[in-house]
Amino acid sequence: MNDKDFDTVPDQTGGADDVYRSQPPGREGDAPRGMGHDSQGQLDFSFSTSVVRDFPEGLKNKHSINSPDNRNHVSNDHKEQSFCREVSERIHLLQATVFIEDAARYREICHRVDKRALQIYRMYQSNTIQRCRIVFIFVLHILAFFEYPSSLTLSSDIRFRGDGVSIPCGVTEGIELICLLFFVMDVIIKYWLIGFAQFRKKNWMIATVVVLTLSLIDWCVSIGFRCNEATRFRRIIRPFFIINYSNIMKKTVKCLQRTLPEVFSVLMLLGLHLFVFSLVGMLLFPNPKPYDTMSNVTDGMFVAQSNVSTPSPSNSSTVIGEGETYFRTLLDSFMNLLVLLTTANNPDVMMPVYQQNRFYSLYFIVFLLIGNYCFMNMLLAVIYNQFRGYFQTSMQSDLLRRRVGVRAAYEVLKETDRYSNISHAGLRHGVSLYNVKTVIEHADLPVHVKSALREDLDRKVTMSDDYFSLMEFQACFEAMETDPPQKQKPELRWFQNVWVRRLQRCVAHRVFGYFGNLVATANVIVIATELSLEYDKSLGGNTSNLNIVNFVFVVYYFVEQVVKFVAFGWKRYVYEYWNIFDGVITVILVITEFFAVGYYGFPLSGSKQVHDTPVVWNFVRIINILILFRLLRIIPNIKAMTIVAATLVDLVRNLKAFAGILIVIYYSFAIVGIEIFHNAITNTPSNSTGLVFECGSYQQLEYWANNFDDFAAALVVLWDIMVVNNWSVFLKAYAKVKTEWSYLYFIIWWLFSVVIVMQLFTALIIENFIMKWDKSASRRNRGNSDFEESHHFMSVHDMFRESLHEPTEEEILLHISNNQYLQTTLS
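Anyway, here's the lowdown on the structure attached to this text. (Residues numbered from 1 in each chain as written. Predicted model: local features only at pLDDT ≥ 70, side-chain atom pairs only at ≥ 80, totals over all residues. Heavy atoms only, no water.)

Some details on a nonpolar patch on the surface
Link 1 in the chain: A contiguous nonpolar surface patch, about 620 Å² in accessible area, is contributed by L269, L272, F275, V276, L279, V280, L284 and L330.
Link 2 in the chain: A per-element tally of the nonpolar patch places helix α11 (residues 247-284) first, with 7 residues.
Link 3 in the chain: Along the chain, the position of L269 falls in helix α11.
Link 4 in the chain: Owing to a relative accessible area of 44%, L269 belongs among the partly exposed residues under this scheme. (Patch = residues over 30% accessible without salt bridge, like charges linked within 9 Å, V, L, I, M, F, W, Y side chains within 5 Å. Areas by Shrake-Rupley, 256 points an atom, 1.4 Å probe, with all protein chains shown as cover. Salt bridge = Lys/Arg side-chain N within 4 Å of Asp/Glu carboxyl O. Helix = DSSP H or I, 4+ residues; strand = E, 2+ residues; numbered from the N terminus. Buried < 20%, exposed > 50% of the residue type's maximum accessible area, 1.4 Å probe, protein only.)

Brief notes about unusual backbone geometry
Link 1 in the chain: In this model, Y148 is joined to P149 through a cis peptide bond whose omega is -5 degrees.
Link 2 in the chain: When you line up the elements, P149 lands in the loop between α6 (127-142) and α7 (171-199).
Link 3 in the chain: Note that the residue after N346, namely P347, is joined by a cis bond; omega there is 5 degrees.
Link 4 in the chain: Mapped onto the elements of the fold, P347 is located in the loop between α13 (330-341) and α14 (351-354).
Link 5 in the chain: Even without being a glycine, V724 presents a positive backbone phi close to 65 degrees.
Link 6 in the chain: In this fold, V724 is placed in the loop between α27 (711-723) and α28 (727-737).
Link 7 in the chain: Note on V724: relative accessible area 14%, which makes it buried.

Topic: the packing of aromatic side chains
Any two aromatic rings considered together are summarised by their centre-to-centre distance and by the angle between their planes.
Link 1 in the chain: Inspection of the entire model under this criterion finds 44 aromatic pairs.
Link 2 in the chain: Geometrically, the ring pair formed by F473 and F477 is tilted, given 4.8 Å between the ring centres and 50 degrees between the ring planes. As far as the burial class goes, F473 and F477 line up, both buried.
Link 3 in the chain: In this structure an aromatic cluster arises from ring pairing among Y666, F669, F677, F708, Y734, Y745, F746, W749 and F752.
Link 4 in the chain: Geometry around Y106 places R402 over its ring, the cationic atom sitting 4.1 Å from the centre. (Phe/Tyr/Trp six-rings, centres within 6.5 Å; stacked < 30°, edge-to-face > 60°. Lys NZ or Arg CZ within 6 Å of the ring centre and 35° of its normal.)

Considerations on the pattern of salt bridges
Link 1 in the chain: Per the counting criterion, the structure on display carries 25 salt bridges.
Link 2 in the chain: Across the salt bridge formed by R403 and E806, the nearest N and O atoms sit 2.8 Å from each other. Here R403, found in helix α15 (residues 361-422), pairs with E806, found in the loop between α31 (796-800) and α32 (809-817); they are 403 residues apart in sequence, far enough to count as distant.
Link 3 in the chain: A relative accessible area of 44% places E806 in the partly exposed class.
Link 4 in the chain: Residues participating in the shared-partner salt-bridge network are E147, E176, D218, R234, R235, R238 and E675.

Overview of the environment of I625
Link 1 in the chain: Relative to the helices and strands, I625 resides in helix α25 (residues 614-630).
Link 2 in the chain: Classification of I625 as partly exposed rests on a relative accessible area of 46%.

These values are about where atoms sit, not about what they do.
See below:
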């Protein structure tokens, strides 16, 4: 809504403008008065509002005003007071509108409230500016793929990737400067809106200024060195901007910050557990051979010798072999047990001794029971408890912001109606219904919220009550917390023909849906059977049994969807999401089958048999994959599966915050990894030198494409380590080419990505699933399926809404009294 709607100029006859056109004609003083204008035709807001505040005092001296000597002077004063009153009313309406918008989005109202500031504030918070921020953040972070070392190669394998595309110095730096200047302007505008008193209370804004300052200094250094500087520190702190412009991500970071002390205590116990078992392992599996005997093993390679003797299968030699391989030093013992904690090297680590003595397995079993099943689950419990506790507290603070915003809107609307109430002492205190309606119409609110508010106002009109009390006003705007209404199921349009009506009854019956699910299940069973028995024949020719069966099923799917579309009608058909899903899959199946038949003929005729061509193979694959997707239609008929599917839908939408945290740590760790390990691993020497690879090493497994030589490759390495399968290979490889201190980098990455962030994500899944499961218990007797009832989006605020309590009147009034800008308006 454009703020100029509040500045509509009344006509010269005193008629109401668009905003006040709905004012009741029976109320004295409601029609807008004549107003002054500036040179551009807009309202002149340069008058002080002190004149308006003195207006009630003027009413007390009405006997002196009516004296004949002062009649002309009073007439001029009355015009000025009328004009100032009109200006003040418009500003108060704009203030109330902004406060309602702040309340709807859980924003604080501690910002300037003059007309110009409010117009800039609404533009600053508009969807257009929000999208611009997203674009600039995306562009700034995508530069890492183009900056040196460039990721613009087809492969990341160091053996044959070639030289990447080199971007000239100044290109990416120029784009980066534009993005940084945009963020500088963003901070300046926000600082101007909230003032220094609020600025110094906001740690995130102070951190933004620090990050921007360091980034611009580092950018100047890059330009000074012509892009040849050793390290670009600004790339490491660049992901800060992702967090800074997301409130939920800020809450997640604060949650992680508050979780760290409790997590650290559990990690200390886990570290002690690893340390003790490392010492016990070194005592159980001693290594009496000197370290010099292993000097021929370097960089994952050893010299091949023909006279290598096979060790005897005695118990002592097996124990010594275990010590040489996994418990050679305290650091090796600790690292191998840490990898075992993630089960990445289980059961390899115990096989040398387990082969000779089964009792040695007890050491590893006890270690995993304590470490993996006790401490790791204890970490999940701690993180879940902190997640729920902090987010509930944070949601409580958001609820308080919403109530403060609504109350502030009520207070400024009272200022708008104050003067008319003075002349009508019989009216009860409150705010005008028509001013409330004006605010709602001008506020930028979600469609379902605005619709609910309009319905409440219409009920108020039918009661012939022109004023909202405080309780009624607050109750009205509780509609901001309502869920979007479920669409009403369209009525079935019955045909006149008797046979068609019978067909409609059959299609509308639930048995028809069950039969369709049975057909889809049978189709999948047939595909699985054919692929198991005759895999090559099924995919190699167009007249195979699999193609013939699929052709029949596709014909049935097409007839089924046509019958449902005709029987239900367009509106009833698209009302159910699964009909749309079935329809889209069926259309793609029919089109694919149509091209296959047109190219090769009907599978049933056998007139044109084609075998072993890539086109046939691709057509068959596409058809079978689409048929498998149709099996998902059974989800609404299974309660547990329905709740899981609905939870996944919510997770996808709620993933913005948690996926953002993952992106931040991925980005920062990838940049740090490039700075530490860039070009650390080089190509292997030729086998003609007599060197062969050690079994299970980086070189023997040919992990050459997994490196930190560019940003894209670094992301893949971090992903491989987060999955923790074979992550010990990377630990050993980079420890050998660099130093054993490189273990810290990978351990810290594992702690952040797997132990903390992913456990936090698990906590979100648990909380969301519990909420869905509890709510599904109250829907069992409803007509719609659980999935359709649960399909609406459950945000983080919705998850904790039922556990929140209403803020007290004292809390709300305290926040309003501490707002310096609002007190200036209400004084």
